[in-house]
Amino acid sequence: MSINLIKKTIMKKLLTIAAAILFAGYASAQVIMEVPIAKRFHAMSENGKYLLAVDNNGYLGIYNTKTGDYDEYTSLDKAYDLGMGNMVTNDGFLVGSVGGMPSILDIEKKEWTPLGMNPGEENLYSCANCINQSGEYIVGFVATASQKFNSLVNKPVLWTRGSDGKYGVYEELPYPEKDFMGTTPKYILPNCISEDGTVIAAQLMTQENNCLPMVYRKQQDGTWTYEVYDKNLCEPGTVFPEYPDDQPIGPEYRDYMTEEKYNQHEQDMQAYKDSLWLNTIGEGPKPTYYPDERDYMTEEERTRYDNDWVTYQEEDAKFWEQLNAFREFIHENVTPNFYAQNGVWMPANGKYFATTKKDWSTAGGSALLTIGDEMELQEFDDGLYGYSATNDGDFFVSDWSTAYVYPAGSTEKMTLVDWLRLKGENEAADWLQNIPTGTAICNATGRILSGFTGGAGAYNSWFIDLDGTPTGITEVEGGTENDADKTVKVYDLQGRLITEGKAGEVTKSLGSGIYIVGKRKVVIR
């Protein structure tokens, strides 16, 4: 099936806010709006032009805050997925995967291009997670051919754009062969890349599905080094028991049958299932014969199968005994200072690693690592979830209903509304205090914000550009403050027509809020 691409033009010109804000003889402008699409827009481009939504059903949505256009990508035969980090550039190139193939999308042209892979890797789920602003580097992971127990399932990779503008086959990034417990890492997950392409924020996931922060740094000779933050996990010198290398696999019936007998068994099994279904719906008798696989083997093959089954059971029992002993040991000797999977954000300058703490099973407790010569951790015992950070270190966190910010260097959080007031952004604060802030994210400067609340099928998202130029209402018909008898229209900050009436009286019926009355912004308290 071809891509089911549905472009929805929400408005020719999205009515957001307008009118210059006149204070002390100078003018400024801001874009403040609720997004008119009921999706969870959890990511955005650095300039705020593109808001991105994705769900677990392979759906991808892109909302253009400048034009109001909304593009959707969805298909019955392939899944669309976003990268997990800074996955879209200001000029409209987005990375992710299509049908498990790492790909890059030209948003304006609506063209997906697969990224370079090695032969045989096309059918394994892999993904491009992030792209730096120039588009020179794309970072992600590629599934390995070996999916065995105690093996690396995803390896970290980097695609580099060539002089022809195309991305060739990836290069592998280095990674540790063993983690702090002496086991092979299960996943290496690169999430974000700095604007200059020299720092990558990643995670190492252990075989027990516990994640640790990891940072790559590009050296002057072009090579990459890595650092895993695995401090305060166990006593120095702790010797861990051996982790099982592989999980035994039981004998397969097919390997003990001739091709003819196997095909006959498949036919008889299908006939049995059909008869059982007819009996279930009351249209046939209950089948009296079950096609036991062993009946399709020779006596010699049955004996070989039975012996192999006994051997498998013995090996499987040893496997679980060894694995359970390992797990019992780590639960007794390891402090679970782990982090939420894919809960990673790094601002454009590559100086901070925003994340969320996690114990053996439960996430909660925001954490911010400073990326210098070594990573330095600042933990917040707040039960909240860390989401993003600015270049200056302002840290955005949430409990999913209310957004908070830890100002740079502070251990005391404040609501997002109070943080805006601290910055002197009272107009945005006044607007935001009237709606649930939910989960908020920021760009690197902290001047562009977005957020969402709600649940599946009932999300509400909002967007603020503190330095933006409104492109929606460029002129609202009606009079001015001095034209008391002229009819004017009243809009809210989302550009919705509220009412109209005489300029001198129309505001008397309005509730508290900020409105565009005629050509003027009016605050009703």
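Notes on the structure in this doc start here.

Reading guide: rules and limits
Residues numbered from 1 in each chain as written. Predicted model: local features only at pLDDT ≥ 70, side-chain atom pairs only at ≥ 80, totals over all residues. Heavy atoms only, no water. Helix = DSSP H or I, 4+ residues; strand = E, 2+ residues; numbered from the N terminus. Buried < 20%, exposed > 50% of the residue type's maximum accessible area, 1.4 Å probe, protein only. Contact = heavy atoms within 4.5 Å. Salt bridge = Lys/Arg side-chain N within 4 Å of Asp/Glu carboxyl O. Polar contact = N/O pair within 3.5 Å; in protein donor to acceptor, adjacent residues only side chain to side chain. Core = buried A, V, L, I, M, F, W, Y, C linked by side-chain atoms within 4.5 Å. Expected span 1.5 Å × (residues − 1). Pairing = 2+ DSSP bridges. Axes fitted to C-alpha atoms, helices over the stretch in contact; angles between N-to-C directions. Phe/Tyr/Trp six-rings, centres within 6.5 Å; stacked < 30°, edge-to-face > 60°. Lys NZ or Arg CZ within 6 Å of the ring centre and 35° of its normal.

1. A closer look at the side chain of Glu-121
For Glu-121, the position within the fold is in the loop between strand S12 (111–114) and strand S13 (127–131). Glu-121 gets classed as buried once you look at its relative accessible area, which sits at 10%. Those residues in contact with Glu-121 that lie beyond four places of it in its chain are Val-142, Lys-155 and Tyr-170.

2. Some thoughts on the pattern of salt bridges
Within the structure shown, the criterion is met by 13 salt bridges. Note that Asp-394 is salt-bridged to Lys-423, the shortest N-O span being 3.5 Å. Pair noted here: Asp-394 is in the loop between strand S25 (385–389) and strand S26 (395–398) and Lys-423 is in the loop between helix H3 (416–422) and helix H4 (426–432), with a separation of 29 residues, a long-range link. On the basis of relative accessible area, Asp-394 is assigned to the buried category, the value being 8%. A relative accessible area of 44% places Lys-423 in the partly exposed class.

3. Points about the side chain of Glu-227
Tracing the backbone through its elements, the reader meets Glu-227 in strand S20 (residues 224–228). When its relative accessible area of 14% is taken as the criterion, Glu-227 is described as buried. Among the polar contacts made by the side chain of Glu-227, one reaches the main-chain amide nitrogen of Met-375 at a distance of 3.1 Å. Excluding its chain neighbours within four sequence positions, the residues that come into contact with Glu-227 are Pro-213, Met-214, Val-215, Arg-217, Asp-373, Glu-374 and Met-375.

4. Concerning the nonpolar core
Ranked by size, the top nonpolar core spans 29 residues in total, and within it Leu-52, Ile-62, Leu-94, Trp-112, Ile-138 and Trp-159 carry the most contacts. Listing elements by their share of this core, those giving two or more residues are strand S6 (50–54), strand S7 (60–64), strand S9 (80–82), strand S10 (93–98), strand S11 (101–106), S13, strand S14 (137–143) and strand S15 (154–160). With sequence-adjacent residues up to four places away left out, Leu-94 is seen in contact with Leu-52, Leu-60, Ile-62, Leu-82, Met-87, Val-88, Ser-103, Ile-104, Leu-105, Ile-107 and Trp-112. Counting residues in hydrophobic clusters, the runner-up holds 27 residues, among them Cys-130, Leu-152, Phe-240 and Phe-326.

5. Topic: helix H2 (residues 299–333)
Over its 35 residues, H2 extends 51 Å from the first C-alpha to the last, a length consistent with the 51 Å expected when each residue adds 1.5 Å. Taken as a whole, H2 has its buried residues at Tyr-305, Tyr-312, Asp-316, Phe-319, Leu-323, Phe-326 and Ile-330.

6. What about the sheet that holds strand S4 (residues 31–35)?
Where strands meet in a sheet, backbone hydrogen bonds hold them as pairs that are either parallel or antiparallel. Pairing is antiparallel in the open sheet, where four strands are placed in the order S4-S31-S30-S29. Strand pairing shows two members of the sheet lacking a second neighbour, S4 and strand S29 (439–442), which therefore form its edges. When strand polarity is set aside, the average angle formed by the axes of neighbouring strands in this sheet is 15 degrees.

7. What to know about the sheet that holds S26
Taken in spatial order, the four strands line up as S25-S26-S27-S28 in an open sheet, and their pairing is antiparallel. Edge positions in the sheet fall to S25 and strand S28 (414–415), since each has one partner strand and no second. Examined bridge by bridge, S26 and strand S27 (residues 403–406) share four bridges and lie antiparallel to one another. For Val-397, the partnering residue across the bridge sits in S27 and is Tyr-404.

8. Examining the packing of aromatic side chains
What the rule picks out here adds up to 25 aromatic pairs. Arranged with centres 5.8 Å apart and planes meeting at 50 degrees, the rings of Tyr-73 and Tyr-80 form a pair that is tilted. We note that Tyr-73, like Tyr-80, is buried. Between Phe-319 and Trp-320, the ring centres sit 5.2 Å apart and the planes meet at 85 degrees, which makes this aromatic pair edge-to-face. Each member of the aromatic cluster is reached from another via a ring pair, and the members are Phe-149, Tyr-243, Phe-319, Trp-320 and Phe-326. When the ring centre of Tyr-59 is taken as reference, the NZ or CZ atom of Lys-39 above it lies at 4.1 Å. Across from the ring centre of Phe-452, 5.5 Å away, lies the NZ or CZ of Arg-40, which sits over that ring.

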